[in-house]
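The lines below spell out each chain.
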Amino acid sequence: MTSVLYDVPGPKARRISLIASVIGALLIAGLLALAIVTLASQGIFEARRWEIFGNPDVWKLIGDGLGATLTAAAVAAVIAFPLGLVISLLRISLVPAIRIPIRVVLEFLRGMPVVLMMFFVLLVFGTSSYVAVVAGLVLYNAAIFAEIIRAGVQSLPKGQREAGLAIGLTSFQSRMFIELPQAIRRMLPSLVAQLVVLLKDTSLGYIVAYGELLRAVQVMADFLGPQFLFPIFFVAAAIYILINLAVSRLAIWIERRGSKKAAGGMAKAR
């Protein structure tokens, strides 16, 4: 079977690709082994450096930081997604007086660093660090969600909208009931990827003194001493990775469930 995007590789190309993959894997394994040997020479894997995790107070501090991280991320996501949905509808409006100003605002929000938004809310409005973190995450991610959804709508065949208008739906009804559901399903991987970015961006709350996971870890490291710095940050990194993997797996499950429902609906229609 041939591809319209590229020529199917022949035996020689496949052999070269295999050799390059093996060499790449060996290089990665070598770098990993070098890192392990270097850390071991510094005494990182000594039992005394990891005994702190037998202390319930350490896990309580980690749990409090993780709770603050998840709270800020969940609240920001719940607000940012609907706001991004509304902004995307305004962004693709047929009225220039609405579409053009929204486009300018979106470009401004996308171009601003998240941490500057947090600082702006904190200093100008005198809010708590929690509100500043959530506001910064909402403003930035709502703009990104809006652009992702807009791209999904515009990627749909024009016949989708024409069919909606042909059966008597208004322009707004066609957007809401025909185009948006398909666009969101199509752009689900990108939306989930942005949720992962949102979760990781909560670590910027450290700069505005919000007690999220990274700040809790840093406080513990400062209190316990530099010899425990690597173990504590290693555990924090593992927690971040596990949470992001869980979010990604949830998205895959939702996508598969939606695909099965869509396939079932088409089968019934036939």
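It should be emphasised that the depicted structure is a prediction, and the values quoted were computed from it without experimental measurement.

Chemist: Would you mind showing me how to read the pattern of salt bridges here?
Modeler: Opposite charge on two side chains lets them pair, provided their charged atoms get close. The final tally for this structure, using the stated rule, is six salt bridges. In this structure, the salt-bridge partner of Arg110 is Glu147, at a minimum N-O distance of 3.3 Å. Placement of Arg110 in helix α4 (residues 96-111) and of Glu147 in helix α6 (residues 129-154) is noted, with a sequence separation of 37 residues between them. What makes Glu147 buried here is its relative accessible area of 12%. In this structure, a network of salt bridges that share partners links the residues Arg91, Glu107, Arg110, Glu147 and Arg150.

Chemist: Would you take a moment to explain the side chain of Thr69 for this structure?
Modeler: Structurally, Thr69 is set in helix α3 (residues 56-91). Taking the relative accessible area as the measure of exposure, Thr69 reaches 1% and is therefore buried. A distance of 2.9 Å separates a polar side-chain atom of Thr69 from the backbone nitrogen of Leu213. Ignoring anything within four residues of it in the chain, the contact list for Thr69 reads Leu199, Thr202, Glu212, Leu213 and Tyr240.

Chemist: Just to check I follow, could you spell out the environment of Leu214 for this structure?
Modeler: Inspection of the secondary structure assignment puts Leu214 in helix α10 (residues 213-224). A relative accessible area of 26% means that Leu214 is categorised as partly exposed. In sequence terms Leu214 and Leu204 are 10 residues apart; their C-alpha atoms lie 8.7 Å from each other. Setting aside residues no more than four positions away along its own chain, Leu214 makes contact with Ser203, Tyr206, Phe233 and Tyr240.

Chemist: When you look at the packing of aromatic side chains in this model, what are you seeing that I'm missing?
Modeler: The way to describe two aromatic rings as a pair is by their centre distance and the angle between their planes. If you walk through the whole model with that rule in mind, you get seven aromatic pairs. Consider the rings of Phe120 and Phe125, whose centres lie 6.0 Å apart with planes at 80°: the pair is edge-to-face. Relative accessible area serves as the criterion here: at 48%, Phe120 is assigned to the partly exposed category. Among the residues examined, Phe125 registers a relative accessible area of 57% and is labelled exposed. Three or more aromatic residues joined by ring pairs form one cluster here, namely Trp50, Phe53, Trp59, Phe230 and Phe234.

Chemist: What am I meant to see in the confidence of the model for the protein chain here?
Modeler: Any segment with low pLDDT has predicted coordinates that should not be analysed in fine detail. Averaged over all residues, the pLDDT of the protein chain equals 84, while 92% of them reach at least 70. Across the protein chain, the element-wise mean pLDDT spans from 75 in helix α11 (residues 229-269) up to 92 in α6.

Chemist: How should a nonpolar patch on the surface be read in this particular structure?
Modeler: A cluster of nonpolar side chains, Val86, Leu90, Val95 and Ile98, forms an exposed patch at the surface whose accessible area comes to about 290 Å². Relative to the elements of secondary structure, Val86 occurs in helix α3. On the accessibility criterion, Val86 (47% relative accessible area) is partly exposed.

Chemist: Mind showing me how you'd approach the packing of α3 against α10 here?
Modeler: How two helices sit against one another is set out by the angle between their axes and by the gap between those axes. Packing of α3 against α10 leaves a shortest axis separation of 7 Å and a crossing angle of 155°. Classified by the angle their axes make, α3 and α10 are roughly antiparallel. Here Val58, Leu61, Ile62, Gly65, Leu66 and Thr69 of α3 come into contact with α10, specifically with Leu213, Ala216 and Met220. Counted by class, the contact of α3 with α10 contains seven nonpolar, two polar and no charged residues.

Conventions adopted
- Residues numbered from 1 in each chain as written.
- Predicted model: local features only at pLDDT ≥ 70, side-chain atom pairs only at ≥ 80, totals over all residues.
- Heavy atoms only, no water.
- Salt bridge = Lys/Arg side-chain N within 4 Å of Asp/Glu carboxyl O.
- Helix = DSSP H or I, 4+ residues; strand = E, 2+ residues; numbered from the N terminus.
- Buried < 20%, exposed > 50% of the residue type's maximum accessible area, 1.4 Å probe, protein only.
- Polar contact = N/O pair within 3.5 Å; in protein donor to acceptor, adjacent residues only side chain to side chain.
- Contact = heavy atoms within 4.5 Å.
- Phe/Tyr/Trp six-rings, centres within 6.5 Å; stacked < 30°, edge-to-face > 60°.
- pLDDT = per-residue confidence, 0-100.
- Patch = residues over 30% accessible without salt bridge, like charges linked within 9 Å, V, L, I, M, F, W, Y side chains within 5 Å.
- Areas by Shrake-Rupley, 256 points an atom, 1.4 Å probe, with all protein chains shown as cover.
- Axes fitted to C-alpha atoms, helices over the stretch in contact; angles between N-to-C directions.
- Parallel < 35°, antiparallel > 145°, perpendicular 65-115°, else oblique.
- Nonpolar A, V, L, I, M, F, W, Y, C, P; charged D, E, K, R; others polar.

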